Amino acid sequence: MSSHREAPAISKDPVADNTDTYAFVSPDRPDTVTLIANYIPLEGPDGGPNFYSFGDDVLYSIYIDNDGDALPEITYQFRFKTKIRNPNTFLYNTGPIGDLNSPNWNVRQFYSVTRIDSTGRHELDDDLKCPPVNVGIRSTPDYEDLAKAAVHELSGGTRVFAGQRREGFYVDLGSIFDLGALRPFQDLHLIPLAAHPGVDATQHLSVHTIALQIPKTLLTSDGSNPSDPTNSTSVIGVWAAASRRKSRVRVGDDVDEAGPWVQVSRLGNPLVNEVIIPLGKKDLWNSVAPSTDSQFQPYFAHPELAGLLPVLYPSPPAFPNLKAYTKERVDIEAIFLTGIPASILPTAPTFTGTTLAEMIRLNMAVPPASSPSINGVLGGDVAGFPNGRRVFDDVATIEIRALAGATIPLVDGTFTPDAAAGAVSDFSAAQFSSGSPPGADRYIDNFPYLGVPESGFDVPS
Amino acid sequence: MARLTRRAFLQSSVGTATGIAAAGAVGLATGGVIGAVVGDTSEVAAAANEPMVAHVRIGSRGDVTLMVGHREVTVRDPVLVNRMRRAAR
């Protein structure tokens with residue numbers, strides 16, 4: 001979920017599969033914005049001997065629209081290259097990996113970073129080191145330091161990291177995809193079972209992260225450092241993607257590739273292609289740009305899940321008001337396709353104009369919250385989702401509640417949300433009160449903010 | 001057509017059905033078939049509207065491998081390769 005294996009074609013191509021995209025003002029460097037694009041879904045820490053890595057044959061991209069036209073004024077591209085020291089062993093490492101130059105580390109990955117903007121194409125670096133994966137106590141005994149050494153400084157105050165991190169997205173996968181059940185509320189489900197706390201299915205998994213920390217002045221259309229949330233230059237739209245070459249020919253154990261890059265995956269807001277776009281359009285969604293998203297507008301106007309909730313939770317009816325609501329879901333369109341206007345969210349508007357385009361919209365003039373809420377704007381914290389997205393935001397709960405009708409009154413004062421719309425979640429209130437999910441060790445308080453991945457020796461235990 | 005070994009195929013006439021079909025498909029004036037794999041020639045007509053991929057791995061040899069349906073044919077035609085290179089500029 002979020003966007004893990006969300007479409008038929010990309011579910012068969014994990015290294016190119018965007019799983020989550022994040023965009024937020026860096027809490028410890030508030031003059032910068034952190035952008036994170038995660039790939040490779042449901043990555044088990046023990047996946048050896050050929051541990052997970054980025055694809056050498058994939059073009060990874062992060063796009064930024066800074067003038068509301070849904071086209072990228074700024075693009076960051078990443079290309080990876082794997083180098084094997086000794087092809088005559090099956091081992092990932094032949095001894096402990098003490099640093100990024102360790103001769104014991106056999107399968108290493110390097111990458112280039114390119115920025116494309118109105119001034120041209122700029123190769124920022126072409127030989128940056130990824131850290132190894134967290135193999136285990138014998139192979140990567142001081143993993144935290146190894147990963148820290150793989151945070152690189154680029155020109156102009158930009159930082160970059162590419163490598164394995166802890167999965168930040170939490171969700172009860174097994175229950176949600178079992179006919180839309182939410183364990184804490186499953187006693188009210190069409191096929192009832194006793195209520196039960198949610199299961200954090202991604203708790204111990206890893207992802208492959210590409211993270212950038214960029215001065216705001218390198219992101220705004222006029223080079224300014226935004227301070228006024230009502231100024232349109234304060235808002236950027238962000239999405240990430242992966243592309244493959246158009247032609248691929250296998251020749252024995254070798255491969256020839258040629259032709260232009262073809263986009264095979266894209267991701268702005270979480271869960272959109274997952275639960276809003278229908279099966280027959282999911283691969284199309286992944287292949288096109290946000291500027292063409294008006295073709296998908298009907299699925300936002302009448303989301304399938306909003307229609308299913310009253311059916312799945314019928315007795316006593318949990319969503320009678322939602323069931324009776326037949327108007328277009330302008331609230332959902334605002335959250336995902338246009339941004340939220342100042343008339344609704346005066347302290348953190350994300351409206352970028354009438355162009356329908358699904359992007360994470362971040363108002364960069366909104367400072368980081370001193371006491372953030374994982375429920376973001378729904379929790380009264382305008383520095384969180386859907387004003388950008390932080391690593392710890394509970395996007396599954398926020399979106400379920402929005403689809404259940406909690407956000408309709410923002411655009412339609414005649415509607416009263418069902419009580420359940422403000423309560424539904426895949427986890428119980430008691431679980432959230434205890435802090436798990438998401439769990440304290442899942443994140444760190446500095447770049448790249450996603451926690452240290454669990455080791456293959458320890459997980460599964 | 002039965003499966004052919006490369007040697008047997010090279011010993012046969014250049015004008016085999018496979019060779020003619022492959023050459024005709026790309027409008028070859030010259031060029032001999034130097035290898036082929038599996039495939040019933042009756043498939044060729046049926047495959048006339050199927051996508052075809054031309055693959056030039058080492059241009060200096062003048063070899064073009066054509067893939068259509070489940071069939072693959074390699075022809076040696078330096079003139080064709082040069083024309084393709086020019087067209088791709």
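Conventions and cut-offs
The residue numbers shown here count from 1 along each chain, following its written sequence. Both sets of labels track the order of writing: A upward for chains, 1 upward for ligands. Only residues with pLDDT of at least 70 are given local features in this predicted model, and only at 80 or more are side-chain atom pairs given and counted; all residues enter the totals for whole chains, interfaces and linings. Starting at the N terminus, helices and strands are each numbered in turn, a helix being any DSSP run of H or I of at least four residues and a strand any DSSP run of E of at least two. The reference for a compact globule is 2.2 Å times residues^0.38; the radius of gyration itself is calculated from the C-alpha atoms. Note on contacts: each residue gets a C-beta atom placed from the backbone, and two residues are in contact if those atoms are within 7 Å. Partly exposed residues are those whose C-beta has more than 12 but fewer than 20 other C-beta atoms within 10 Å; with 20 or more the residue is buried, with 12 or fewer it is exposed, and the C-beta atoms are placed from the backbone. Following DSSP output, two strands are said to pair if at least two bridges run between them. For every residue, the predictor assigns a confidence score, pLDDT, that lies between 0 and 100. As used here, the arc belongs to the directions running from the helix axis to the C-beta atoms. Each nonpolar core consists of buried Ala, Val, Leu, Ile, Met, Phe, Trp, Tyr and Cys residues. Their C-beta atoms, within 7 Å, join them into a set.

Draft legend 1. Spatial organisation of the overall build of chain A. Helix and strand counts for chain A stand at 10 helices and 12 strands. By the compact-globule yardstick of 23 Å for 461 residues, chain A fits well, its C-alpha radius of gyration being 22 Å. Intrachain contacts of chain A at a sequence separation of at least 6 include 65% that bridge at least 24 residues.

Draft legend 2. Region of the structure containing the pairing of strand 1 (residues 18–25) of chain A. Residues and elements named next belong to chain A. In terms of burial, strand 1 is a largely internal element, eight of the eight residues being buried. Bridging between strand 1 and strand 2 (residues 32–43) involves seven bridges; their strand directions are antiparallel. If you follow Y22 over to strand 2, its bridge partner there is I36.

Draft legend 3. Just unusual backbone geometry, in detail. Residues and elements named next belong to chain A. Here the bond from S315 into P316 is cis, since omega is -10 degrees, no more than 30 degrees from zero. With respect to the helices and strands, P316 occurs in the loop between helix 6 (304–312) and helix 7 (320–324). Of note, the amide linkage connecting F385 to P386 takes the cis form, showing an omega dihedral of 5 degrees. Looking at where P386 falls in the secondary structure, it is placed in the loop between strand 12 (360–363) and helix 9 (395–406). You will see that L179, though not glycine, has its phi angle at about 55 degrees, which is positive. Of note, L179 is situated in the loop between helix 2 (173–176) and strand 9 (206–215).

Draft legend 4. Molecular detail of the sheet that holds strand 7 (residues 152–153) of chain A. All names here are of chain A. Here five strands make up an open sheet; going across it, the order is 1-2-9-8-7 and the pairing antiparallel. A single partner strand is all that each edge strand has here, and the edge strands are strand 1 and strand 7. In this sheet, strand 9 lies alongside strand 2 in antiparallel orientation, the contact comprising nine bridges. Across the sheet, N38 pairs through a bridge with T209, a residue of strand 9.

Draft legend 5. Inspection of the confidence of the model for chain B at higher detail. Residue and element names in this part refer to chain B. Averaged over all residues, the pLDDT of chain B equals 67, while 47% of them reach at least 70. Within chain B, helix 2 (residues 17–25) has the poorest average pLDDT of any element, 36, and helix 4 (residues 78–88) the best, 95. In the predicted structure, residues 1–31 sits below a pLDDT of 50 and forms 42 contacts with residues beyond four places in sequence or in another chain. Interface confidence for the predicted complex, expressed as ipTM, amounts to 0.73; the pTM equals 0.91.

Draft legend 6. Geometry of helix 6 of chain A. All names here are of chain A. Every buried residue of helix 6 is accounted for by A306, L309 and P310. One side of helix 6 holds all its buried residues, which, seen down the axis, span an arc of 90 degrees. In helix 6, the exposed positions that point more than 90 degrees away from the buried face belong to E304 and V311. As for helix 6, its buried residues are in contact with helix 7 and helix 9.

Draft legend 7. Spatial organisation of the nonpolar core. Residue and element names in this part refer to chain A. Formed by 104 residues in total, the largest nonpolar core has its most connected members in V238, L362 and A404. No other element matches the eight residues that helix 9 contributes to this core. Those residues in contact with L362 that lie beyond four places of it in its chain are A23, F24, V33, V235, I236, V238, N387 and G388.

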